[in-house]
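Observations on the model geometry
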Amino acid sequence: MIQMKEVYKRYPNGIMAANNFDIHIKPGEFVYVVGPSGAGKSTFIKMMYREEKPTKGNILINGVDITNLKASRVPYLRRNIGVVFQDFKLLSRLTVYENIAFALEVIEEHPKSIKKRVMEVLDLVGLKHKARMMPDELSGGEQQRISIARSIVNTPKVVIADEPTGNLDPETSWEIMNLFEEINTRGTTIVMATHNREIVNTIRHRVIAIENGLIVRDEARGEYGYES
Ligand code: ADP
Ligand code: ADP
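Residues numbered from 1 in each chain as written. Chains lettered and ligands numbered in written order. Predicted model: local features only at pLDDT ≥ 70, side-chain atom pairs only at ≥ 80, totals over all residues. Heavy atoms only, no water.

- Taking an unreviewed UniProt entry as the reference, the chain is identified by name as Cell division ATP-binding protein FtsE belonging to Jeotgalibacillus soli.
- Listed in UniProt under the heading Function (unreviewed entry), the comment for the chain reads: "Part of the ABC transporter FtsEX involved in cellular division." (UniProt positions renumbered as here; feature names shortened; annotations may be inferred.)

**Section: the packing of aromatic side chains**
- Tallied over the full model, the rule gives four aromatic pairs.
- Centre to centre, the rings of F21 and F44 are 5.6 Å apart; their planes meet at 65°, and the pair counts as edge-to-face. One end of the pair, F21, is in strand β2 (residues 16-25); the other, F44, is in helix α1 (residues 41-48), with 23 residues separating them in the sequence.
- The class of F21 is buried, set by a relative accessible area of 0%. (Phe/Tyr/Trp six-rings, centres within 6.5 Å; stacked < 30°, edge-to-face > 60°. Helix = DSSP H or I, 4+ residues; strand = E, 2+ residues; numbered from the N terminus. Buried < 20%, exposed > 50% of the residue type's maximum accessible area, 1.4 Å probe, protein only.)

**A few points about the sheet that holds strand β9 (residues 206-211)**
- The sheet built from six strands is open, its strands ordered β6-β7-β8-β3-β9-β10 with mixed pairing. Each edge of the open sheet is held by one strand with a lone partner, namely β6 (81-85) and β10 (214-219). Along the sheet, successive strands turn relative to each other by an average axial angle of 15°, direction set aside.
- The strands touched by helix α5 (residues 140-152) within the sheet are β6 and β7 (158-162), with β6 carrying the most contacts at an inclination of about 165°. (Pairing = 2+ DSSP bridges. Axes fitted to C-alpha atoms, helices over the stretch in contact; angles between N-to-C directions. Contact = heavy atoms within 4.5 Å.)

**Things to note about the pattern of salt bridges**
- A complete count under the given rule lists 11 salt bridges for this structure.
- One salt bridge connects K116 with E120, and the closest N-O pair in it is separated by 3.6 Å. Of the two residues, K116 and E120 are both situated in helix α4 (residues 111-124); the distance of four residues between them amounts to about one turn of the helix.
- In this structure E120 comes out as partly exposed when scored by relative accessible area, which is 38%.
- Two residues, R186 and E182, come together in a salt bridge whose shortest N-O distance is 2.7 Å.
- You can call R186 exposed: its relative accessible area is 57%.
- Residue E182 is classed as partly exposed on the basis of its relative accessible area, which comes to 33%. (Salt bridge = Lys/Arg side-chain N within 4 Å of Asp/Glu carboxyl O.)

This is the structure in structure tokens:
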């Protein structure tokens, strides 16, 4: 499903953010990516959706080698991978409904079926009644729910999240985690970079720890392993 083979990433400033990453993530897995700030977690995640290209090595998503994917094919990759960010990245001039509909890659889709799908994901995140609101009228937790709805509207096999609870209070963070659990239970693979020790040590899943551009730990049902 997701495979990295001898992947290296060296930024132009000389920093080695990925030093021989070799990992295999199977369909339906839930994987936490942990490690200190600057360790290489975001780089690991960005390479999966081609926001960054590896300097060396290969990355396969659903059997497709995305390493040398043509720019024109990147939208097709993005349709199979949902992405959720710490700061939500909703479009402030669009309504909640429009933010999600916009993300739906529409190929000769009947308007009725588009609306059905958007309302379906809004229902899943519990915010159907906020469809007409603007993002800045919502709480942080609600905005993250909308960005999660947006990430799954194309029914991707994989959802990648970079510190999705980083801007949220503990209670809201747990609600957001329950949503990811639900999405994972329905069969979607989840890869999540996080600093949330409590969550990693409570909702147990595979843990990949990165330090200084090196994968130092990869455990099924692992622990967070850092003090803060
Ligand atoms: P993390 O997500 O674990 O905090 P990152 O993947 O963001 O780590 O960064 C890993 C290392 O690569 C850090 O030393 C960071 O400063 C460096 N880095 C990240 N992005 C860039 C970039 N675009 N250009 C140069 N160096 C970068
Ligand atoms: P349901 O009856 O399934 O709840 P509604 O038609 O009542 O769906 O729509 C729920 C919300 O979604 C309403 O606030 C509506 O304005 C909004 N909405 C529905 N379709 C669109 C659209 N195409 N563009 C913008 N908002 C929409």
